[in-house]
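# Reading the structure
Each chain is listed here by its residues.
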Amino acid sequence: MDFIIYPILPLVLIGATAIYLTSVACRLARWCHRRPSWFLVPATTIVMSLLVIAVIYVGTSLQSGGWGKVSPFDPDSMLFILKWVSIVTLIPAFIVVLIYRHRIQDVDHVA
């Protein structure tokens, strides 16, 4: 059972955090009487990529021994991390923005 949970759990956590950040941004736009912009999708992806890289850097720098010398800023690992984080965050962020834009159909309500 552990061999299924360990590779999937980080992807679920990244997706859930992307959904939460996008919904907070959409609620803020709705509170300002505006429709959520499609630019929230790439913005959420960029924020989540920076957040994941920061968490990985802190996690590897706090390890003792050989793990503390491993840099997550290696170009090969950076591209791998950015590719998977962008794939995992683009789809849920797009769905959240689509739902919030669909809810605000009334043109008189938004600015």
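For every chain, the first residue of the written sequence is number 1, and numbering continues from 1 along that sequence. Residues qualify for local features only when their pLDDT is at least 70, as the model is predicted, and side-chain atom pairs are given and counted only at 80 or more; totals for whole chains, interfaces and linings, by contrast, use all residues. The side-chain quantities take in all heavy atoms of the structure and omit both hydrogens and water.

## Focus on the overall build of the protein chain
A run of H or I in DSSP counts as a helix once it spans at least four residues, and a run of E counts as a strand once it spans at least two, with each numbered from the N terminus. When its secondary structure is counted, the protein chain shows three helices and zero strands. Listing every helix and strand of the protein chain by position from the N terminus yields α-α-α. Burial classes follow relative accessibility: with a 1.4 Å probe on protein chains only, a residue under 20% of its type's maximum area counts as buried, one over 50% as exposed, and anything between as partly exposed. Sorting the 111 residues of the protein chain into buried and exposed places 29% on the buried side. When checking whether two residues touch, look at their non-hydrogen atoms; a contact exists if any pair is within 4.5 Å. Of the contacts made within the protein chain by residues no fewer than 6 positions apart, 79% connect residues no fewer than 24 positions apart. Here the Shrake-Rupley method, with its probe set to 1.4 Å, supplies the accessible areas, and only the displayed protein chains count as covering residues. Accessible area for the protein chain stands at about 7,900 Å²; split by element, carbon and sulfur atoms hold 74% of it.

## Some points on the confidence of the model for the protein chain
With 78% of its residues at a pLDDT of at least 70, the protein chain reaches an overall mean of 80. Here pLDDT means the predictor's own confidence in every residue, given as a number from 0 to 100. Mean pLDDT across the elements of the protein chain ranges from a minimum in helix α2 (residues 40-61), with 84, to a maximum in helix α3 (residues 75-103), with 86.

## Looking at the nonpolar core
Note on soluble globular proteins: their nonpolar side chains tend to be buried together. Residues Ile14, Ala18, Met48, Val52, Ile53, Met78, Ile81, Val85 and Val88 constitute the largest nonpolar core, which totals nine residues. Looking at this core, the elements that each hand over two or more residues are α1 (2-31), α2 and α3. Setting aside chain neighbours within four positions, we find Val85 in contact with Ile14, Met48, Ser49 and Val52. With seven residues, the next largest nonpolar core counts Val41, Val96, Val97 and Tyr100 among its residues. Within this scheme, the nonpolar core is defined by two criteria: the residues are buried Ala, Val, Leu, Ile, Met, Phe, Trp, Tyr or Cys, and they are joined through side-chain atoms within 4.5 Å.

## Some details on the environment of Tyr20
Assignment of secondary structure puts Tyr20 in helix α1. Using a relative accessible area of 52% as the deciding quantity, one classes Tyr20 as exposed.

## Comments concerning unusual backbone geometry
For residues other than glycine, phi is negative in most cases, and the peptide bonds are mostly trans. Phi is positive for His33, close to 60 degrees, though the residue is something other than glycine. Within the secondary structure layout, His33 lies in the loop between α1 and α2. For His33, a relative accessible area of 42% gives the class partly exposed.

## Some details on a nonpolar patch on the surface
On the surface, a cluster of nonpolar side chains totalling about 630 Å² of accessible area is made up of Trp38, Leu90, Ile91, Phe94, Ile95, Leu98 and Ile99. If you trace the backbone, Leu90 turns up in helix α3. Judged by relative accessible area, which is 37%, Leu90 ranks as partly exposed. Patch construction takes residues with relative accessible area above 30% that form no salt bridge. Like charges are linked within 9 Å, and nonpolar side chains (Val, Leu, Ile, Met, Phe, Trp, Tyr) are linked within 5 Å. Only one rule defines a salt bridge in this text: a Lys or Arg side-chain nitrogen within 4 Å of an Asp or Glu carboxyl oxygen.

## Here we look at the environment of Thr44
Here Thr44 shows up in helix α2. By relative accessible area, Thr44 is classed as buried at 7%. Sequence spacing of Thr44 and Ala18 is 26 residues, and the spatial spacing of their C-alpha atoms is 6.4 Å. For this analysis, a polar contact is any N or O atom pair within 3.5 Å, provided that within protein one partner can donate a hydrogen and the other can accept it, and provided that sequence-adjacent residues contribute only side-chain to side-chain pairs. There is a polar contact of 3.2 Å between the side chain of Thr44 and the side chain of Thr22.

## Structural notes on the packing of aromatic side chains
Each aromatic pair joins two rings of Phe, Tyr and Trp (for Trp, the six-membered one) with centres within 6.5 Å, and gets the label stacked for planes under 30 degrees apart, edge-to-face for over 60, and tilted for any other angle. For the coordinates displayed, the defined rule picks out two aromatic pairs. Between the aromatic rings of Trp38 and Phe94, the centroid separation amounts to 5.4 Å while the plane-to-plane angle is 25 degrees, which identifies the pairing as stacked. With Trp38 in the loop between α1 and α2 and Phe94 in helix α3, this residue pair connects regions lying 56 residues apart in the sequence. Residue Trp38 is classed as partly exposed on the basis of its relative accessible area of 36%. On the basis of relative accessible area, Phe94 is assigned to the partly exposed category, the value being 41%. Arranged with centres 6.5 Å apart and planes meeting at 65 degrees, the rings of Phe80 and Trp84 form a pair that is edge-to-face. One end of the pair, Phe80, and the other, Trp84, are both in helix α3, four residues apart, so they sit about a helical turn from each other. Using a relative accessible area of 38% as the deciding quantity, one classes Trp84 as partly exposed. Geometry around Tyr100 places Arg103 over its ring, the cationic atom sitting 5.5 Å from the centre. Throughout this description, the term charge over a ring refers to an Arg CZ or Lys NZ atom that lies within 6 Å of the ring centre and within 35 degrees of the ring normal.

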